[in-house]
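Fold and contact review
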There are 2 protein chains.
Amino acid sequence: MTEPQTQAQDALKRFRNLTGKIKHYEEILGVAFWDMRTGAPRKGIDLRSEAYGDLASESFRLSTSDEMGELLAQLTQPDTLNGLGRVDRRLVEETQKEYERNRKLPTELYREYVVLTSQSESAWEGAKADNDFQGFVPYLEKIIGYNRRFIELWGAKDTPYDTLLDLYEPGMFTADLDRLFGELRTRLVPLAEAISREGDRPDTSFLVGTFDKEAQKAFSKFILNEMGYDFDAGRLDESVHPFMTGLNPGDVRITTRYLPDDIMSALFGTIHEGGHALYEQNLDPELYGTPLCTGTSNGIHESQSRLWENMVGRSREFWHRYFPELKKHFPGKFENVSAEAFYRAINVVEPSLIRIEADELTYNLHIMIRYEIEKMLFNEGLSARDLPEVWNAKYKEALGVVPPNDSQGVLQDVHWSGGAFGYFPSYSLGNMYAAQIMDVARVKLPSLDEQIGAGQLHPLKGWLTEQVYRYGKSLRPAEIIRNISGQELQSSYLCDYLERKYKDIYRLK
Amino acid sequence: MTEPQTQAQDALKRFRNLTGKIKHYEEILGVAFWDMRTGAPRKGIDLRSEAYGDLASESFRLSTSDEMGELLAQLTQPDTLNGLGRVDRRLVEETQKEYERNRKLPTELYREYVVLTSQSESAWEGAKADNDFQGFVPYLEKIIGYNRRFIELWGAKDTPYDTLLDLYEPGMFTADLDRLFGELRTRLVPLAEAISREGDRPDTSFLVGTFDKEAQKAFSKFILNEMGYDFDAGRLDESVHPFMTGLNPGDVRITTRYLPDDIMSALFGTIHEGGHALYEQNLDPELYGTPLCTGTSNGIHESQSRLWENMVGRSREFWHRYFPELKKHFPGKFENVSAEAFYRAINVVEPSLIRIEADELTYNLHIMIRYEIEKMLFNEGLSARDLPEVWNAKYKEALGVVPPNDSQGVLQDVHWSGGAFGYFPSYSLGNMYAAQIMDVARVKLPSLDEQIGAGQLHPLKGWLTEQVYRYGKSLRPAEIIRNISGQELQSSYLCDYLERKYKDIYRLK
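Everything quoted here is computed from the prediction, not taken from an experiment.

This part is about the sheet that holds strand β3 (residues 251-256) of chain A. All names here are of chain A. Sheet architecture is open: three strands sit in the order β1-β3-β2, paired in mixed fashion. Each end of this open sheet is capped by a strand with a single partner; those strands are β1 (236-238) and β2 (244-248). Ignoring which end each strand starts from, the neighbouring axes of this sheet average 25° apart. Here three bridges tie β1 to β3, and the two strands are oriented parallel to one another. From the neighbouring strand, E238 faces β3, where its bridge partner is T256. Taken strand by strand, helix α10 (residues 213-227) contacts β1 and β3, and its axis lies near 145° from that of β1.

Now for the interface of chain B and chain A. Buried accessible area, meaning the area lost when the parts come together, often serves as the stated size of an interface. Counting residues at the interface gives 37 residues for chain B and 37 residues for chain A. In this assembly, chain B packs against chain A so that about 3,100 Å² is buried in total across both faces, 56% of it on carbon and sulfur atoms. Counting across the chain B and chain A interface gives 11 salt bridges. The residue R253(A) makes a salt bridge to D35(B) at a minimum N-O spacing of 2.6 Å. Counting across the chain B and chain A interface gives 20 residue pairs in polar contact (both at pLDDT 80 or more). Going through the elements one at a time, α1 (3-38), α2 (45-63), β2 (244-248) and β3 (251-256) of chain B are the ones with two or more residues in the side of chain B that touches chain A. At 11 residues, the largest contribution of residues to the side of chain B that touches chain A is made by α1(B). Each residue belonging to the side of chain B that touches chain A can be placed in one class, and the counts come to 15 nonpolar, eight polar and 14 charged.

Counting residues in each nonpolar core, the largest one holds 137 residues, and the members touching the most others are W308(A), W319(A), F334(A), F342(A) and L460(A). Among the elements that line this core, the one with the most residues is helix α15 (residues 360-379) of chain A, at 11 residues. Split by domain, this core shows at least three residues from each of two domains, domain 1 (3-155) and domain 2 (174-505) of chain A. Not counting residues within four places of it along the chain, the set of residues in contact with F334(A) comprises F206(A), L207(A), F211(A), I263(A), F323(A), L326(A), K327(A) and F342(A). Counting 135 residues, the second-largest nonpolar core is a separate cluster that includes W124(B), I263(B), W308(B) and A345(B).

Before going further, it helps to spend a moment on the side chain of R235(B). Mapped onto the secondary structure, R235(B) falls in the loop between α10 (213-227) and β1 (236-238). Of the residues examined, R235(B) reaches a relative accessible area of 18% and is grouped as buried. A polar contact of 2.8 Å, which involves the side chain of R235(B), links it to the side chain of D237(B). Residues within four places of R235(B) in sequence aside, it is in contact with T38(A), G39(A), A40(A), P41(A), W34(B), Y229(B), V252(B), R253(B) and I254(B).

Residue and element names in this part refer to chain A. Its domain assignment divides chain A into domain 1 (3-155) and domain 2 (174-505). Domain 1 and domain 2 are separated by 27 Å when their C-alpha centres are compared. At the interface, 38 residues of domain 1 touch 47 residues of domain 2. Around 3,700 Å² of area is buried between domain 1 and domain 2 when both sides are counted, 63% of it from carbon and sulfur atoms. For the pair domain 1 and domain 2, the number of links is two salt bridges. Among the secondary structure elements, those contributing two or more residues to the side of domain 1 that touches domain 2 are α1 (3-38), α5 (86-103), α6 (107-130) and α7 (133-154). A per-class count over the side of domain 1 that touches domain 2 returns 15 nonpolar, nine polar and 14 charged.

Next up on the list: the UniProt feature "active site" (unreviewed entry) in chain A. Residues and elements named next belong to chain A. Taking the numbering used here, the UniProt-annotated feature "active site" (unreviewed entry) corresponds to E273. A relative accessible area of 9% places E273 in the buried class. Not counting residues up to four positions away in its chain, the partners in contact with E273 are P242, F243, M244, I254 and T255.

Residue and element names in this part refer to chain A. As recorded in UniProt, the feature "binding site: Zn(2+)" (unreviewed entry) lies at H272, H276 and E302. The annotated residues occupy 31 residues of the chain but converge on a single region, no pair of C-alpha atoms lying more than 8.6 Å apart. Looking at the element boundaries, H276 is found in helix α11 (residues 263-281). Look past the residues within four positions of H276 in its chain and what remains in contact with it is M244, H301, E302 and S305. With respect to the helices and strands, the residue E302 is situated in helix α12 (residues 298-312).

Attention now goes to unusual backbone geometry. Residue and element names in this part refer to chain A. The phi dihedral of N131 is positive, around 50°, even though this residue is not glycine. Structurally, N131 can be placed in the loop between α6 and α7. A positive phi angle, close to 50°, is found at R507, a residue other than glycine. Mapping R507 onto the fold places it in the segment after α21 (492-505).

Here the focus is the relation of the copies chain B and chain A. Mapping chain B onto chain A leaves a residual RMSD of 0.0 Å; the transformation is a rotation of 180° accompanied by 0.1 Å of translation along its axis. Those values place the two copies in the arrangement expected of a two-fold rotation axis. An overlap of 100% is found between the interface residues of chain B and their copies at the interface of chain A, pointing to a shared contact surface.

This next bit is on the environment of D496(A). Residue and element names in this part refer to chain A. Note that D496 resides in helix α21. With relative accessibility at 33%, the residue D496 sits in the partly exposed group. As for D496 and R482, which are separated by 14 residues in sequence, their C-alpha atoms are 19 Å apart.

About the criteria used
- Residues numbered from 1 in each chain as written.
- Chains lettered and ligands numbered in written order.
- Predicted model: local features only at pLDDT ≥ 70, side-chain atom pairs only at ≥ 80, totals over all residues.
- Heavy atoms only, no water.
- Pairing = 2+ DSSP bridges.
- Helix = DSSP H or I, 4+ residues; strand = E, 2+ residues; numbered from the N terminus.
- Axes fitted to C-alpha atoms, helices over the stretch in contact; angles between N-to-C directions.
- Contact = heavy atoms within 4.5 Å.
- Buried area = accessible area lost by both parts, 1.4 Å probe.
- Salt bridge = Lys/Arg side-chain N within 4 Å of Asp/Glu carboxyl O.
- Polar contact = N/O pair within 3.5 Å; in protein donor to acceptor, adjacent residues only side chain to side chain.
- Nonpolar A, V, L, I, M, F, W, Y, C, P; charged D, E, K, R; others polar.
- Core = buried A, V, L, I, M, F, W, Y, C linked by side-chain atoms within 4.5 Å.
- Buried < 20%, exposed > 50% of the residue type's maximum accessible area, 1.4 Å probe, protein only.
- Domains from an automatic or database assignment.
- UniProt positions renumbered as here; feature names shortened; annotations may be inferred.
- Least-squares fit on C-alpha atoms with pLDDT ≥ 70 in both.

Given below as structure tokens:
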């Protein structure tokens, strides 16, 4: 090898070590995070948050260190970069972007923020349980303040809020989202109106009742197994807000929550998180231990959770196969109910208060409300203490319902307590990606519906692994969707899918 | 302030930050360790161990960094050291000792060892379940090899094994242990012989049966509450080998294991770990976030677990109060059994195979065997593959029993798989410390027995907090025992206690 080649080899090796160490710290932080959400004793939280903050800021410090800067300067030399393999090149580019962003934040500011959000997620749990929004305002004000400060330091894009959006779905900004949400509104609001005006409302009476928790747990596990979720590389626990965390591809955890009077909440929550988990369990071993070893964006991640939850889990074929199994798990329930009746019931369209329990159609309206409120917070200076008023007004306007209290209103989601402003749009992007991906899947897997109807979910999982999961972050979201469909993200696939599905269920012409 | 004072103040501040960061990393590592032992998915263990190793070696690197060396050099200047408060002085001395020890190990060697022991604890779980000692030999050989290498690097004290002993009970070496174990042997072996020759053996037939797991769990929790264990600052889980981990004083966790055919295993295991936990939950807030915020040594720690397990939990007074509660938890069991009969039954003396289920008297023989084997490993070059033979021969000689398989023999304890050679003597030291401490407690709390008999365990907990718990590592083990009893550690208190207790139970003259 020539000397420059040797130097590049050496730089690459040090770079992989350094980014690998950051990835490892993130993994250990992930364990601590999971632990805080699934049962860490409350009296230990404040000290734990300090410890968590110390490690998170060390990871942050490494990502912005002079060593990182020097290695990136070497590796981004055109000659060097072009000589790298596809994965290494992507690793350099991704790390460079993080580096540039993180260099603009003082480490101490970042550490304070990590400690704050770590404590405030626990405070949010308490505030939600006690319906105490006012008690939570001081946390929220601080978190919003930090985010405004971050935007100043990073620099506003077209609008300040765009800077936050870029954290979750790189390349998607308010201009795109305004257009996409506008298209959804144009086609979905009339559909929702037609349904409520002239639709044949499914009978949902048999969904009311009490459902044994252990049976709910057993059925959730059964379905996860059917999906191909590997319990030797994961586990299912309970938390206030369901989540998935991919610590490493051999340890991808799901949480859910069981409601005694609602069979659907835990079940679809589990399938949703299970979809996320399939993504993280099926990453290519080539990526293990690198920061590319995770989903490529929140939008693509949500496409997989929403695809499994709705397009598979709320499909007619799925329940053709699994309704008899459900009946077995809940003896005495659903005795005179047909699979078709059950399918229609779980797809009832109804304006409701809680996002994660919303039907597929109105779900996007819940997201739109949050998107509009986040724009107001960062582009128009809305204050935290005014959130309940704005929230309730928007729910009344868009969905015609008003939360009876803040627990079922502005306090329902964990996201803001963790500082995740700009995340919510990912859910609707996920719905759109999912519909576009499924449109191709039906062409490539011509027997897909029959397979689902026969409980053969593995061909779909295999195809998604090939097309999406294995690449992790080594392909960008736009590359993923273009490779699969030959197009950019469109809203039309989701609208077509929802029209087809709901016109059938509601027997509209 | 003068300039040197300002410099010292500044050094102290930096020193507290640096040691605080190390403590925080240890806390987060503790969460990951607890997680690996209580249900982390098996497929994630190898990658997790790498991540764990990276963070552990960063913590190690900080403890041996040039910055640490410079700060210690400044703070150990006589003038500076004498100007520090008691806690800071102790923190400097303790850190200096660690620094000198750790500086002798290359970080990479340490990292390899952490990854190895992290993986091998999981391998041990498998080997124990499958009774596969041969499959575990490669791990054990490597771990022993690393420890031999560490001894070389650290330098052997009187004997190589002494160097390991110093890790667990500073100031206690083979010369002390040979003497103390010798005294125990001289007094306890004749006692055990007299019991087997002429003792009135308690009826234990009613301990045989099957005991509902949920009832065992409920009773364990009930007793922990009675002891004053704070469930808002801890939790009780299950693991293959019971342990306690004090992550911070607000998060002190216990694990146990429930055997369906043995009511005593989980119960006394829980009380044992509960004793450890009381120590860690009741540390002085002054110590929070510093490396002094933990028990002062393994021997003193075991004194608290063994004190609660045996001197409280296996006492006549305790069961006078709690036997009716036990009966309530297990309806239909123990119907014609008196509290006195139960007390005698749970104190039956019997040579047995499993250390953690041994009676108080023969327990020390289990420890002696391990102590002798560890001396052979490090002072006489015994090889890992020969362990089962030596183990079985020693059990035959000392206890007259031979394990039917390695799972119940050499594979029974977790310690060696984690590299904890030199730990076992702590248990017998703990028994001796405990007896010496209880001797004083009976003087200082004249109604102690009546209180225990009335279920008032808090006065004892309060006194132990005052005398032991709150100090954490800010007093040395020798200071603790001297402050309490005015003496060094003696074997006689334990021997007196055991003679008194067992002569009564076995109705010996």
